[in-house]
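# Coordinate analysis (summary)
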Amino acid sequence: LLAVDGDIADAPGVRGFADVTSTLDPADSALLVLSGAPTDFIEEALRFKVAGAWVAAQADHGCFDHAVPGLVAARGAEIAEPLALAQKLNARWHA
């Protein structure tokens, strides 16, 4: 699922994900890579990060499937536990 402008929508595969991210201003966007994220999203998440989006990944502690968050974090995304991700996301737009 993706949240865009407060709406939740299904994102069927990487093409749907790329279609959504391509419509957003990366400088004013964030992407959280959470436990169980599909591997198809890795390259698009990193492309979005390079374009200027804040991309963060869920830390291993408490994560049932850390494969994709770990790969995204290893390639430069910030990594933190879910509560810290939520706090950072909130601080980013409510500063």
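Quantities reported herein were computed from a predicted structural model and do not represent experimental measurements.

## As for the sheet that holds strand β5 (residues 78-80)
Here we have 3 strands laid out as an open sheet, ordered β3-β4-β5, and parallel in their pairing. In the strand order of this sheet, the two ends are held by β3 (30-33) and β5, each with one partner. Neighbour to neighbour, the strand axes of the sheet diverge by 25° on average, direction disregarded. With 4 bridges connecting them, β3 and strand β4 (residues 54-58) associate as parallel partners.

## Quick look at the environment of Leu-46
Residue position: Leu-46 is located in helix α2 (residues 42-50). Once residues within four sequence positions are removed from consideration, Leu-46 is found in contact with Val-72 and Arg-75.

## Describing the confidence of the model for the protein chain
With 82% of its residues at a pLDDT of 70 or more, the protein chain has an overall mean of 83. Within the protein chain, no element has a lower average pLDDT than strand β1 (residues 2-4), which sits at 47, and none a higher one than β5, at 96. Between residues 1-8, whose pLDDT stays under 50, and residues either more than four places distant or in other chains, the model counts 12 contacts.

## Considering the nonpolar core
Counting 16 residues, the largest nonpolar core has Leu-31, Val-33, Ile-42, Val-55, Val-68 and Val-72 as its most contacted members. Elements that contribute at least two residues to this core include exactly β3, α2, β4 and α3 (67-74). Here this core gets 4 residues from one element, more than from any other, and that element is α2. Those residues in contact with Val-72 that lie beyond four places of it in its chain are Val-33, Ile-42, Leu-46, Val-55 and Ala-77.

## Some points on the pattern of salt bridges
Tallied over the full model, the rule gives 3 salt bridges. As a salt-bridge pair, Glu-43 and Arg-75 come within 2.9 Å of each other at their nearest N and O atoms. With Glu-43 in helix α2 and Arg-75 in the loop between α3 and β5, this residue pair connects regions lying 32 residues apart in the sequence. The class for Arg-75 is partly exposed, based on a relative accessible area of 48%. For Glu-44, the salt bridge goes to Arg-47, with nearest N and O atoms at 2.4 Å. Residue Glu-44 and its partner Arg-47 are located together in helix α2, separated by 3 residues, close to a single helical turn.

## A few points about the environment of Ala-77
Of note, Ala-77 is situated in the loop between α3 and β5. By relative accessible area, which is 8% here, Ala-77 ends up buried. In sequence terms Ala-77 and Leu-31 are 46 residues apart; their C-alpha atoms lie 9.7 Å from each other. Excluding residues that lie within four positions of it along the chain, Ala-77 makes contacts with Lys-49, Val-55, Ala-56 and Val-72.

Definitions and limits used
- Residues numbered from 1 in each chain as written.
- Predicted model: local features only at pLDDT ≥ 70, side-chain atom pairs only at ≥ 80, totals over all residues.
- Heavy atoms only, no water.
- Pairing = 2+ DSSP bridges.
- Helix = DSSP H or I, 4+ residues; strand = E, 2+ residues; numbered from the N terminus.
- Axes fitted to C-alpha atoms, helices over the stretch in contact; angles between N-to-C directions.
- Contact = heavy atoms within 4.5 Å.
- pLDDT = per-residue confidence, 0-100.
- Core = buried A, V, L, I, M, F, W, Y, C linked by side-chain atoms within 4.5 Å.
- Buried < 20%, exposed > 50% of the residue type's maximum accessible area, 1.4 Å probe, protein only.
- Salt bridge = Lys/Arg side-chain N within 4 Å of Asp/Glu carboxyl O.

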